[in-house]
Structures are given as C-alpha cells and as structure tokens.
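Working through the structure, step by step
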Amino acid sequence: EKFINFMLEILTMAETNKGSEEEVAIAFVNHYYHLFDNDRSSLSTLYNPTSLLTFEGQKICGVEDISNKLKQLPFDQCRHSISTVDSQPSSIAGGCGGIIVFVSGSLQLHGEDHPLRFSQTFHLIPVLQGSFFVQNEMFRLNYG
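Residues numbered from 1 in each chain as written. Predicted model: local features only at pLDDT ≥ 70, side-chain atom pairs only at ≥ 80, totals over all residues. Heavy atoms only, no water.

Applicable threshold: UniProt positions are given in the numbering used here, feature names are shortened, and annotations may be inferred rather than shown by experiment.
As annotated in an unreviewed UniProt entry, the protein is NTF2-related export protein from Capsella rubella. According to the UniProt record, the Subunit (unreviewed entry) comment for the protein is "Interacts with RAN1."

Right, here's the structure in full:
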C-alpha cells in the first residue's frame, strides 16, 4: 500500500507537470528510507530485473539478488537521517528522462552509540505509468 501511494503521488506530479526532478527525488528518498527502516522486504518493488546495486564495492544484479542482499544485512533495526539530497535530470534512449539522486546522511543502528555516515546514489528511470524504478544504486559508508 505504501508503494502504491508513493507511485500515485509521483504519477500525479507527472500528470500535472508540477513535479520537478527535485520534488520527485525528495519523494523517492523519503519513501525509500521509510521502507528501509520499517519494511525492508518491500524495497524489492522499487527494482526490476535489470537493476544494479553496488554495495560497499560488491556488484549485485536483479530484483531477487538485490532484495536478498538488503534482507541479509547484519542488522534488523536502523534509522536513517538524511543530510542532503541532490538531483539532476538524466537523458536516456528515446528521450524519456530519468533522475540521478545523490544522498548523504547517517545510519543509526539499534544498540549502537554512534551513527555511521553514508553516501548513496540512485538512477531512477521512468516507466509508462509515470512512476520510476531504480536502475542503478551505489552505497558506501563514509569512514574518517
């Protein structure tokens, strides 16, 4: 249901031309991290069979493998705090525009005193209904 509401929100933005890439990016980021923190298994709805994830240098392809990676992370509970969201339009074949989204923030693991800093990039690709899927994603913890 959360995914459907997110997609309807994006569809409405697209149909009314009120949704700039920044608005779509922020709506996506809010939705993604809400799912990650509360219902990680639902993240699979954001990917398709050609989606690629690079997680701390490990390359993972496809909905099933990405979903398994995210479900098998060594923690069950976490809370993301987003510091910045930057976005740019991207052109793909056929003239349909995607969106590149760069996120920085911190990740608080349950039972840990100090948050971990992270950076994450998404390449969102539009689909016919006016919604988006994650084609490319890269995640890194920031040490130092």
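Let us keep going from here.
**Quick look at the pattern of salt bridges**
Close approach of charged atoms allows side chains with opposite charge to pair. Note the cut-off: The rule for a salt bridge is simple: a side-chain nitrogen of Lys or Arg has to be within 4 Å of a carboxyl oxygen of Asp or Glu. Put simply, DSSP H or I for four residues or longer makes a helix, DSSP E for two residues or longer makes a strand, and each gets a number counted from the N terminus. Working definition: with a 1.4 Å probe on protein chains only, accessible area under 20% of the residue-type maximum means buried, over 50% means exposed, and in between means partly exposed.
The tally for this structure, following the rule as stated, stands at 1 salt bridge. Among the ionic pairs, Arg140 bridges to Glu56, the shortest N-O distance being 4.0 Å. With Arg140 in strand β6 (residues 132-142) and Glu56 in the loop between β1 (47-55) and β2 (58-61), this pair connects stretches of sequence that are 84 residues apart. Taking relative accessible area as the criterion, Glu56 reaches 29% and is therefore assigned partly exposed.

**Quick look at the environment of Phe55**
We count it as follows: By definition, residues are in contact when any of their heavy atoms lie within 4.5 Å.
Structurally, Phe55 is set in strand β1. When neighbours within four sequence positions are excluded, Phe55 is seen to be in contact with Ile60, Lys69, Leu73 and Phe139.

**A short note on the packing of aromatic side chains**
Condition: Pairing of aromatic side chains here covers Phe, Tyr and the six-membered ring of Trp, requires ring centres within 6.5 Å, and sorts the geometry by plane angle: under 30 degrees stacked, over 60 edge-to-face, intermediate tilted.
All told, the structure shown has 9 aromatic pairs when counted by the stated rule. Taken together, a centroid distance of 4.9 Å and an interplanar angle of 85° make the contact between Tyr32 and Tyr33 edge-to-face. Assessed through its relative accessible area of 1%, Tyr32 is described here as buried. Classification of Tyr33 as buried rests on a relative accessible area of 4%. Here Tyr33 and Phe118 contribute two aromatic rings whose centre-to-centre distance is 5.9 Å and whose plane-to-plane angle is 50°, an arrangement assigned as tilted. Remark: Phe118 occurs in strand β5 (residues 116-126) and Tyr33 occurs in helix α2 (residues 21-38); sequence separation between them is 85 residues.

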